[in-house]
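Residues per chain, in single letters:
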Amino acid sequence: MGRIPEQVVAEIRERADIVQFVGRYVTLRRSGSRYWGLCPFHGEKTASFQVNEDKQIFYCFGCGAGGDVFAFRMRQEGLDFPDAVRALGRELGIASPEAGAGENQAAAAHRANDAACAFFRSELRGPNGGAARQYLAERGVTEDLVDRFQIGFAPAGWDGLVSHLRRASVPLADAEAAGLVARRQTGDGHYDRFRSRVVFPITDPSGQIAGFGGRAMGDDTPKYLNSPESPVYKKSRVLFGLAQALDAIRQSGRVIVVEGYFDLLALHRAGLHEAVAPCGTALTQTHAHRIRRYAEEVVLLFDGDAAGQAASERALPVLLAEGLRVRAAFLPLGDDPDTLLAKSGVAALRSCVDSAVPLLDHLIERALKDAAGHAWAAADAARSLAPYLRAIGDPVERAAYVRQLSSQLEIPPAALDEALRQGAGTAHAVSTPSPARAGATARGVEAAAGRAARELEPAVRGLVAALAAHADLAPLFDELDPAWVAPGPGRDLLLRLLDASRAHGRAGVATLLTADSEPLPEDQRSLLLQLSAEPGLDDPRAARRSVSDCIATLEIAALDRQKQQLDARLKSCTDVAQLDALTLEIQRIVTRKHELRKSQSHL
């Protein structure tokens, strides 16, 4: 695949808003000139992930991840650099060279999915879609929701999509990899996987289509048919409706989890837009980790029958392990959100959600009722609740629940703690691996990056930090002689940053961090990310003074080295003319050092 022209990369980077893009995945809060949130790349409970709008870069003080908008997209969505550039370019309306045979499989699957979505939507609007339109209307799905969720219709034929993809020049091999078509068992060719179904695109947080869910309109089986696993569709990761829910999640601070597509649409009709749904699977740890990036509270809205209760209990330890606060809203027996909305209206559905109770408290209350009257029952209750208590990652919160439960069951807290420890290694125990282990790894990475930055010569460190913060200070560096800086990673980084700042202005830092540019060695990359993220030089005047002071410091150090050499020569010199010349040069050095120190005192 051909290299994307540098001017195209530069234009996309200049027009892409990294705050807006990262905000699709992470809830960001502004503090001063920067934005902070929970890192999407490792588990943490205190925000150490920073986005710098001016420099258009991100950096995590916890795990050391950092880079520009392309690096974020590559890491978040599993793309290589050219495909990340093309994906952003498509969003911004910037054309980039067409991909060739070596294209990333994920990008090929996304293109096939886009073409299929256009076909399904066209079929829903066309003459073949009359029954599907009527079915959606009877389920209360408005045209606005149809458009918002890009709902479509897969017609009854076996090759409608296959023919469309051929006309759209989408390789059927790509469509097969994306799970849109299947190879015929007898003979050559492919057939459509989705037929006679209302089709729901399943997107990632950025709105790219990862797969599809198809709902039969009659008695066809299975009732629901989802895309198979593909380079972009992993059912343990995706959540239906997440892209449409992000703004509402940030405003409400919660995520409502429902079981199906029409349940989710019912909540949207009721104005509860923060709803998401897993796709044909129970909630996984990956789902929970993704939810935790956006909110601290989860409301589980499942059916009120035994199956719904069991589903909520299975989800609880998974969500608790990510530090989420979990509430449960119990629907009237026999109802789901769709039927409750149809029978009782918006107010009833909203009231059900808003009255959700802490699920662990509910389970404790139920267990205590069953535990009354005998020590055996109390022990059984404690054992039944132990997996949920073990799953709580916050030791303070877990200790509070242990105290509460021990008081109510009249069991010493030490005994409950012992039961939790004994069960931690059993097959039924719920572990909390990711936040703790990732946190320990993250702290190690952070410490290493911090040491590298601290060990850098202070004046060089100051110059890199000031230039990274204010590329327009590059003209001041005309006063700097590179020979004044000791050879090593610091000097190499400073000179490369200076060249990038002169060529690209405030995009210089992002340009150096772009994966397609001449790569920085890892030690220099870590230094640049660390110093770019540190606060303290946001004020341009302070940065200007820092540059002047650091350049003067480096020149003074260079003059000291020269003077030491001249002093040594002076001691062994016997030629009168040479003695006079050396003395004059030493005097010049002393005078220049005096001038520099005087200028520093006035900064």
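What you are looking at is a predicted structure, and each value in this text was computed from that prediction instead of being measured.

What counts and how
Residues numbered from 1 in each chain as written. Predicted model: local features only at pLDDT ≥ 70, side-chain atom pairs only at ≥ 80, totals over all residues. Heavy atoms only, no water. Helix = DSSP H or I, 4+ residues; strand = E, 2+ residues; numbered from the N terminus. Buried < 20%, exposed > 50% of the residue type's maximum accessible area, 1.4 Å probe, protein only. Contact = heavy atoms within 4.5 Å. Areas by Shrake-Rupley, 256 points an atom, 1.4 Å probe, with all protein chains shown as cover. Lys, Arg positive; Asp, Glu negative; His and termini not counted. Charge placed at Lys NZ, Arg CZ, Asp CG, Glu CD. Axes fitted to C-alpha atoms, helices over the stretch in contact; angles between N-to-C directions. Parallel < 35°, antiparallel > 145°, perpendicular 65-115°, else oblique. Left-handed = near helix turned anticlockwise from the far one by under 90°. Nonpolar A, V, L, I, M, F, W, Y, C, P; charged D, E, K, R; others polar. Pairing = 2+ DSSP bridges. 1 Å grid on protein atoms, 1.4 Å probe; cavity = no way out; pocket = protein on both sides within 12 Å on 5 of 7 lines; lining within 4 Å. Points joined across faces, edges and corners; volume = space filled by probe spheres on them. Arc of directions from axis to C-beta. Salt bridge = Lys/Arg side-chain N within 4 Å of Asp/Glu carboxyl O.

Describing the overall build of the protein
Helices and strands together make up the secondary structure of the protein, namely 26 helices and 17 strands. Counting over 603 residues, the protein shows a buried share of 50%. Partitioning the intrachain contacts of the protein with sequence separation of at least 6 by distance along the chain shows that 67% fall at a separation of at least 24. Accessible surface, the protein as shown: approximately 27600 Å² in total, 51% of it carbon and sulfur. Computed over 71 positive and 76 negative side-chain charges, the inter-centroid distance for the protein is 1 Å.

Notes on the packing of helix 21 (residues 458-469) against helix 24 (residues 522-533)
Packing of helix 21 against helix 24 leaves a shortest axis separation of 9 Å and a crossing angle of 65°. Judged by the angle between their axes, helix 21 and helix 24 are roughly perpendicular. For the pair helix 21 and helix 24, the crossing hand works out as right-handed. Residues R461, V464, A465 and A468 of helix 21 lie in contact with helix 24, whose contacting residues are L528, L531 and S532. Looking at the contact of helix 21 with helix 24 residue by residue, the class counts come to five nonpolar, one polar and one charged.

Points about the sheet that holds strand 6 (residues 152-154)
Strand order across the open sheet formed by four strands is 6-9-10-11, with antiparallel pairing between neighbours. The open sheet is flanked by strand 6 and strand 11 (224-226), the only strands paired with a single partner. Recorded for the sheet is a direction-independent mean angle of 35° between the axes of neighbouring strands. Pairing of strand 9 (residues 197-203) with strand 10 (residues 209-216), which is carried by seven bridges, proceeds in the antiparallel orientation. Bridging from a neighbouring strand, V199 pairs with G214 of strand 10. Helix 5 (residues 105-125) rests against strand 6, strand 9 and strand 10 of the sheet, and its axis sits at about 35° to strand 10.

Observations regarding empty space enclosed by the protein
By the definition in use, this model includes three cavities of 30 Å³ or more. Space inside the largest cavity adds up to approximately 70 Å³. Lining the largest cavity are 11 residues; nearest its centre among them are G43, E44, H289, R292 and E322. Its residues assigned to classes, the lining of the largest cavity comprises three nonpolar, three polar and five charged. In this structure, the second largest cavity encloses a volume near 60 Å³. Around the second largest cavity, the lining residues are R13, E14, D54, K55, Q56, R506 and A507.

Overview of the packing of helix 13 (residues 306-320) against helix 17 (residues 375-391)
One way to put it is that helix 13 packs onto helix 17 with a least axis distance of 7 Å and a crossing angle of 30°. Taken together, helix 13 and helix 17 sit at an angle that is classed as roughly parallel. In this structure, helix 13 uses E313, L316, P317 and L320 to contact helix 17, whose residues at the interface are P387, Y388 and A391. Tallied by class, residues from the contact of helix 13 with helix 17 come to six nonpolar, no polar and one charged.

Some remarks on helix 1 (residues 6-15)
All of the buried residues along helix 1 are V8, V9, I12 and R13. The buried residues of helix 1 occupy an angular sector of 130° when projected down its axis, which confines them to one face. Opposite the buried face of helix 1, at more than 90 degrees from it, the exposed residues are E6 and Q7. The inward-facing, buried residues of helix 1 contact helix 3 (69-77), helix 4 (81-92) and helix 23 (508-513).

Brief notes about the pattern of salt bridges
Evaluated as defined, the whole model comprises 25 salt bridges. For R541, the salt bridge goes to D539, with nearest N and O atoms at 3.7 Å. Judged by relative accessible area, D539 falls into the partly exposed class, the value being 32%. Sharing partners across several salt bridges, the network here consists of E14, D54 and R506.

Topic: the pairing of strand 14 (residues 275-278)
Side-chain alternation along strand 14 places A275 and A277 on one buried face and V276 and P278 on a second face that is also buried. In the sheet, strand 12 (residues 239-240) pairs with strand 14 via two bridges, with the strands oriented antiparallel. In the sheet register, F240 faces strand 14, and the bridge partner there is A277. Bridge count between strand 13 (residues 254-257) and strand 14: two bridges; the pairing is parallel. For I256, the partnering residue across the bridge sits in strand 14 and is A275.

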